[in-house]
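# Coordinates in review
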Amino acid sequence: MLLLLIVSGLTLGNLPAYGQELPPVTNFSPNDYSAGNQNWMISQADNKNLYFANSTGLLEYNGERWRLFPVPNKSIVRSVKVVEGKIFTGAYMEAGYWTPTDNGELVFQSLISKFPGLSDGEQFWDVEYIDGQVVFRSFAGIYLYDLERNEIAKMFNPGGKPISNIFNFEDELYFQLAGDGLYKFEKGQPKQIITGEQLGDIAIMHLYDLADDGLSFITGNSEFYKIRAGELEQFNIQLSESIGKPNALDALDLDNGNLVLGTVGSGVLEIDRDGKIIGRFDQNNILQNNTTLDLHLDQSGNVWAGLDHGISVIDLGSSFRSFQDNRGKVGSVYDSFEKNNLLYLGTNQGLYVKMDGSKEFQLIPGTNGQVWFLNEIDGNLFCGHNSGTFLVQGATATKISERLGTWIVKKYKEDIYIQGHYNGISFLRKQDSGFEDLPMLNNFPHSSKSIVVAKDLSIWIGNEHKGVFNLQLNDSLSAASKTSNYKFDEESGITSGVFQFNDSLYYSSLTNIYKFDQVKDRFDPDNSLNLLVSDVERVSGRMIVEENDVLWGFSEEGIFSIEPEGIGKDYQLEYIFIDQDYRNIAVGYENITRLNNDRYLLGVANGYVSFNDSAADLNFADFEISIDRITASSIDSLGVSLNSSEEIELPFKKNNLKFEFSAPVFKKYTNTKYSYRLVGLSSNWSAWTEEHEVSYENLNFGDYIFEVKARVGNSQTEPVSVPFNVERPFYLSTTAIILYVLIFLLILYAVHLMNRRHHRKYLAENERALKLKNLEAEKEIIKLKNEKLEQDMAGKNRELAVTTMSLIKKNEFLTKIKDQLKEYEKTGKVNSVIQTIDKDISEEDNWKFFKKAFSNADKDFFKKIKSKHPELTSNDLKLCAYLRLNLSSKEIAPLLNISVKSVEIKRYRLRKKMNLDRETNLTEYILSL
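This report concerns the structure included in the present document. All figures in this text were calculated on a predicted structure; none of them were measured in a lab.

### A few points about the overall build of the protein chain
Looking only at helices and strands, one finds 13 helices and 66 strands in the protein chain. Its C-alpha atoms give the protein chain a radius of gyration of 60 Å, more than 25% over the compact-globule value 30 Å for 929 residues. Viewed in the frame of its principal axes, the protein chain has a C-alpha envelope of about 205 × 100 × 55 Å. The buried share of the protein chain, taken over its 929 residues, is 50%. The contacts in the protein chain between residues at least 6 apart in sequence include a share of 48% that link residues at least 24 apart.

### What to know about the packing of helix 10 (residues 874-884) against helix 12 (residues 900-914)
Viewed as axis vectors pointing N to C, helix 10 and helix 12 meet at an angle of 105°, and their least axial separation amounts to 10 Å. When the axis of helix 10 is compared with that of helix 12, the two are roughly perpendicular. For the pair helix 10 and helix 12, the contacting residues are Asn-875, Asp-876, Leu-879, Cys-880 and Leu-883 in the first and Val-903, Lys-906, Arg-907, Leu-910, Lys-913 and Met-914 in the second.

### A word on the sheet that holds strand 52 (residues 551-554)
Read from one edge of the open sheet, four strands run 51-52-53-54, paired in antiparallel fashion. Unpaired on one side and paired on the other, strand 51 (544-545) and strand 54 (571-576) mark the two borders of the sheet. Bridging between strand 51 and strand 52 involves two bridges; their strand directions are antiparallel. Within the sheet, the bridge partner assigned to Val-545 lies in strand 52 and is Leu-551.

### Topic: the packing of aromatic side chains
What the rule picks out here adds up to 71 aromatic pairs. Plain terms: the ring middles of Tyr-334 and Tyr-589 are 5.6 Å apart, the flat faces sit at 70° to each other, and that makes the pair edge-to-face. With Tyr-334 in strand 31 (residues 333-339) and Tyr-589 in the loop between helix 5 (580-583) and strand 55 (592-594), this pair connects stretches of sequence that are 255 residues apart. Judged by its relative accessible area of 23%, Tyr-589 is partly exposed. Relative to Phe-427, the ring of Tyr-412 has its centre 5.4 Å away and its plane inclined at 70°; by these criteria the two rings are edge-to-face. With Tyr-412 in strand 39 (residues 406-413) and Phe-427 in strand 41 (residues 424-431), the pair connects residues that are 15 residues apart, well separated along the chain.

### Some details on the pattern of salt bridges
Scanning the model with the defined rule gives 30 salt bridges in all. A salt bridge links Arg-67 to Glu-60; the nearest nitrogen and oxygen atoms lie 3.0 Å apart. You can call Glu-60 buried: its relative accessible area is 7%. Where Asp-378 meets Lys-411, a salt bridge forms, and the shortest distance between an N and an O atom there is 3.2 Å. Remark: Lys-411 occurs in strand 39 and Asp-378 occurs in the loop between strand 35 (371-377) and strand 36 (380-385); sequence separation between them is 33 residues. Here the salt bridges share partners, and the residues they tie into one network are Arg-65, Asp-628, Lys-658, Glu-660 and Glu-693.

Scoring rules and cut-offs
Residues numbered from 1 in each chain as written. Predicted model: local features only at pLDDT ≥ 70, side-chain atom pairs only at ≥ 80, totals over all residues. Heavy atoms only, no water. Helix = DSSP H or I, 4+ residues; strand = E, 2+ residues; numbered from the N terminus. Rg over C-alpha atoms; globule rule 2.2 N^0.38 Å. Buried < 20%, exposed > 50% of the residue type's maximum accessible area, 1.4 Å probe, protein only. Contact = heavy atoms within 4.5 Å. Axes fitted to C-alpha atoms, helices over the stretch in contact; angles between N-to-C directions. Parallel < 35°, antiparallel > 145°, perpendicular 65-115°, else oblique. Pairing = 2+ DSSP bridges. Phe/Tyr/Trp six-rings, centres within 6.5 Å; stacked < 30°, edge-to-face > 60°. Salt bridge = Lys/Arg side-chain N within 4 Å of Asp/Glu carboxyl O.

Right, here's the structure in full:
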């Protein structure tokens, strides 16, 4: 992750690193770019991408992401130069160029086979571009690659010595032979400029033109020489001595005439025309490493330093300067003030002062602890401290109030000053002998971090938990005669406060700014100031008012100032873009102070940042956005890079897309933000975000246009776009649709056949059901008939039973009468009666009547028994009929007009005729027929 560090000091000259104000510096560690520690050379492409010759390969940085491309033989890349869209690199026994493809990759083309007379083990330490030729340097030779002819020639070595360095000076090739002087390549031939005897063991590191006064150079020992009339003249001797003559590996010429020197052991030095050090960058203040392998000036004026451990970029042209307390000696700055060339810092560790020209900040004795407030009132510099209130004079501070925790001091009236404390307010009275600390105000125990004194001497106090208090004080300033409390129940009071701006009273919370309406006696959010900041993503409700009616606020992207615009009631808002991540001061304790030199000092978590008014006018209009890479993938496969220059047609199974984009900007405290949309999915732009890639998953088929734009500060790029099409899936293709139609028609036909079959089956089932119903009806009719027959049979059986019983009773009765008549004397009349009785008992008509009734009740009985026993006589059939009625022998005897015994004999004879065995019951047998 990118970590922006800023260092500072106040004066020009040869100052210790910890006492300087320095421009912004960005450090990239090997962990940030995921490659080797060492970075030997740097170059930049036209699209502002940076390329580094890294110890593990070619390293690319587009402002958002790093990519590493190892050379084929996996050796250390020593040199890099971007020429006409090609990235040339030199390594151990390898040299060639990388070409960006349309899908965002880099493809390497080796040239090593074209090098004539190549010795084994050569490493290419330099690559330059001069007059259409790419120049490769190893210690063994200089090779010229002709871009048009695609040919490489080896330059003649006049001395046969190792080539220690080559230089592109004013578009001409210079080179130094170890121990054999400095040469210039002129008209295709090397020409000696300085002899080996003149140079001796001096190694030339950098050639430059000193103030248009001819050729000068810097040596590998940080010594400075001029070449005048073929002779060497050393200068800046004191400078070389003061910096200890460290080894130097590279230097840059700046447009303002200054030099930037990269050293081994002493970091990076900025030197002005007069040979004075005006900037020192090393491990003591900012750099990750003191050994600088290469320096590069990019298109925006930033100095890139390739270090032995990491990469740094220095924004020398920035209007920002800052001081970072790397050693924790000063701490977080909560307020500041400048007076009589003394700069005061109120921090969480105490009150510090630095005099003009001094080396560092010094703690003022007795002020250890948290400082909340610094301000001058009527020529008196007050310091609000955790332990009370101090009066500051020069480098000393005298405590004038012992009240615990002084947030703020303000003038109340002539010679009276009001103090806001952790637990209320109190007053100071100025006297000839000093300040008198008056008692605390009675019955007001509330924290008073912000105070406004009204014209009527009433006091407005902002409290983070209870809103705003208005106090009318008594004449003795010992108590409030009237207290009003204005609450903001729907607001979080944390970081809130009251302030007076442009003759109006305001209360500011994190989300709103309320203006006091005297007529309605309330704070109203409906005001032009609140409307102005409604779109600002503020991080705190704290607002700071300058004496000249400039109001400062604090947002995520930076700090902003508000000033009245003209003579009307409108306001204008200007941004100073310093992202909250870089300020990082405790929320609610933001602070800014205008210094005497029209610069502003902004307190941050580990020091301060200073800037001038031009910081609000930074123009980033020259930056551009590009879509670096498009990757398409399916759910279960790796992504494939797409060529954005061609028409993109994606199969439906690869409908997951990832877009990577960037807008290289390297010289500001703000981060580049992006907004994008996918037309065809949504016409709305996304919210601005720092994310530099976006993915879309499971896109439906159809035409899309991906658009993205970038914003830096107030500047915004035009959108760039990539149209593409996601093809229909096979199941929605024309072929598939035809198949679906055919299948649908087949299904319709099949349904038709099934319906016909179903209809037939339905008719058959209905017919079957109808038959079943008819059968059931017939069965029901038969059942009813049977029931009627059974009823008839039962009736006939009852009739038969009644008839039989009647016959039995009648015969029994007649037999009884006959037996009684026999007891009397037999006379003719008696005998006649007996004969009549016997005739009646044995009357054939009785049997016929019985037989008819029996046949009606059991009509098939006689047929069944005759078929089984044809030998039976009519008398036998009579007995069988009576047995069929389950009559006993006693009941049968009267019907046959015989005795019971005779009935038993008949039964016996009947068994014989039927051939029944002993176990078979005669009656049961007859009943079973």
